[in-house]
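Chain by chain, the residues run as shown.
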Amino acid sequence: DTEVTQTPKHLVMGMTNKKSLKCEQHMGHRAMYWYKQKAKKPPELMFVYSYEKLSINESVPSRFSPECPNSSLLNLHLHALQPEDSALYLCASSQVAGQTRQGTQYFGPGTRLLVL
Amino acid sequence: QQPVQSPQAVILREGEDAVINCSSSKALYSVHWYRQKHGEAPVFLMILLKGGEQKGHEKISASFNEKKQQSSLYLTASQLSYSGTYFCGGDNQGGKLIFGQGTELSVKP
């Protein structure tokens, strides 16, 4: 089973709202990722969690706050977003972080976010 | 440094072949190929780890030329289901995948 699930599928929020995106995997992977993808662009890495600890933050604004409650779950808390933050947010997981030769990343279906 | 993919877009008739290239200015530790259909998640196709390695997946295969830091994805006898955007993801030993800009493939009946 190589499934990564994400909820919700779609989200519309105002600039003053607080919302959360959720991601779950049951493959026993110890690395989880958040990516942002704009239309007709490749996924851009935002955060990497390795063994439930934040290992990489790609200079993401603080209005995005990641959380990894356990090895299977990854959240992305959103607060005071801007319209330009509207995008597809993808979660991914892999066996370990930083070892791309030991396996690839499996992506979830994404949450399509619209900020009004 | 983002890998460079070529071509940016290609239109095929069913049954035709295509090659998508992915080049890097830095040495690549591994190359990962994905296909993404509109509105869906990127789907893993294959990973290449060694120079000269070739891998196959049904009628889709890939090679990795370590000297040239280039990987190529070969699609033979294309089917309608092959339509989508193909991304290569390169790791230049930073432990992160950096994706090329994508190649949009359209297969027409």
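Definitions and limits used
Residues numbered from 1 in each chain as written. Chains lettered and ligands numbered in written order. Predicted model: local features only at pLDDT ≥ 70, side-chain atom pairs only at ≥ 80, totals over all residues. Heavy atoms only, no water. Helix = DSSP H or I, 4+ residues; strand = E, 2+ residues; numbered from the N terminus. Rg over C-alpha atoms; globule rule 2.2 N^0.38 Å. Contact = heavy atoms within 4.5 Å. Areas by Shrake-Rupley, 256 points an atom, 1.4 Å probe, with all protein chains shown as cover. Salt bridge = Lys/Arg side-chain N within 4 Å of Asp/Glu carboxyl O. Buried < 20%, exposed > 50% of the residue type's maximum accessible area, 1.4 Å probe, protein only. Buried area = accessible area lost by both parts, 1.4 Å probe. Polar contact = N/O pair within 3.5 Å; in protein donor to acceptor, adjacent residues only side chain to side chain. Nonpolar A, V, L, I, M, F, W, Y, C, P; charged D, E, K, R; others polar. Core = buried A, V, L, I, M, F, W, Y, C linked by side-chain atoms within 4.5 Å. Disulfide = S-S within 2.5 Å.

Caption draft 1: View of the overall build of chain A. If you tally the helices and strands in chain A, you get zero helices and 11 strands. Written out in order from the N terminus, the α and β elements of chain A read β-β-β-β-β-β-β-β-β-β-β. Rg of the C-alpha trace for chain A: 13 Å, near the compact-globule value of 13 Å for 116 residues, within the 12% margin. Principal-axis analysis of the C-alpha atoms gives chain A an extent of 40 × 25 × 20 Å. Considering only intrachain contacts with a sequence separation of at least 6, the fraction spanning at least 24 residues in chain A is 56%. Summed over all atoms, the accessible surface of chain A reaches about 5700 Å², with 50% contributed by carbon and sulfur.

Caption draft 2: A look at the pattern of salt bridges. All names here are of chain A. Scanning the model with the defined rule gives four salt bridges over all chains in all. A salt bridge links Glu52 to Arg30; its shortest N-O distance comes to 3.0 Å. Separated by 22 residues along the polypeptide, Glu52 in the loop between strand 5 (44–50) and strand 6 (53–57) and Arg30 in the loop between strand 3 (18–25) and strand 4 (31–37) bring together distant segments of the chain. By relative accessible area, Glu52 is classed as partly exposed at 33%. One salt bridge in this structure joins Asp85 and Arg63, with 2.7 Å as the shortest N-O distance.

Caption draft 3: Seen up close, the interface of chain B and chain A. In this assembly, 21 residues from chain B lie in contact with 22 residues from chain A. Here chain B and chain A share an interface that buries about 1800 Å² over both sides, 58% of which is from carbon and sulfur atoms. Of all residues in chain B, Pro42, Lys96 and Phe99 of chain B bury the most surface against chain A, accounting for 26% of the area lost on that side. In this assembly, chain B and chain A are joined by one salt bridge. Ionic pairing is found between Lys96 of chain B and Glu58 of chain A, a salt bridge with its closest N-O pair at 3.1 Å. Linking chain B with chain A are five residue pairs in polar contact (both at pLDDT 80 or more), by the criterion used here. Of all elements in the fold, only strand 4 (30–36), strand 5 (43–48) and strand 9 (84–91) of chain B reach the threshold of two or more residues within the side of chain B that touches chain A. The leading source of residues in the side of chain B that touches chain A is strand 4 of chain B, at four residues. Along the lines of polarity and charge, the residues of the side of chain B that touches chain A split into 10 nonpolar, eight polar and three charged.

Caption draft 4: How the structure looks around the nonpolar core. Ranked by internal contacts, the top residues of the largest apolar core, which has 23 residues, are Trp34, Phe64, Leu76 and Leu78 of chain A. Those residues in contact with Leu76 of chain A that sit more than four places away from it in its chain are Lys19, Ser20, Leu21, Trp34, Met46, Phe47, Phe64, Ser65, Pro66 and Tyr89 of chain A. Residues Val31, Leu45, Ala62 and Leu73 of chain B belong to the second largest nonpolar core, which totals 21 residues.

Caption draft 5: Expanded view of the state of the cysteines. Residue and element names in this part refer to chain B. Enumeration over the complete set of coordinates arrives at two disulfides over all chains. A disulfide bridge connects Cys22 with Cys88, and the sulfur atoms are separated by 2.0 Å. One quick way to see it: the torsion about the S-S bond of Cys22 and Cys88 is about 75 degrees, and its sign makes the bridge right-handed. With Cys22 in strand 3 (residues 18–23) and Cys88 in strand 9, this pair connects stretches of sequence that are 66 residues apart.

Caption draft 6: Quick peek at the environment of Ser78 of chain B. Residues and elements named next belong to chain B. Summarising the element assignment, Ser78 is placed in the loop between strand 8 (70–75) and strand 9. Assessed through its relative accessible area of 3%, Ser78 is described here as buried. Put simply, Ser78 and Asn65 are 13 residues apart on the chain and 24 Å apart in space, counted from C-alpha to C-alpha. Beyond its immediate stretch of four places on either side in the chain, Ser78 contacts Leu12, Arg13, Glu14, Gly15, Glu16 and Val107.

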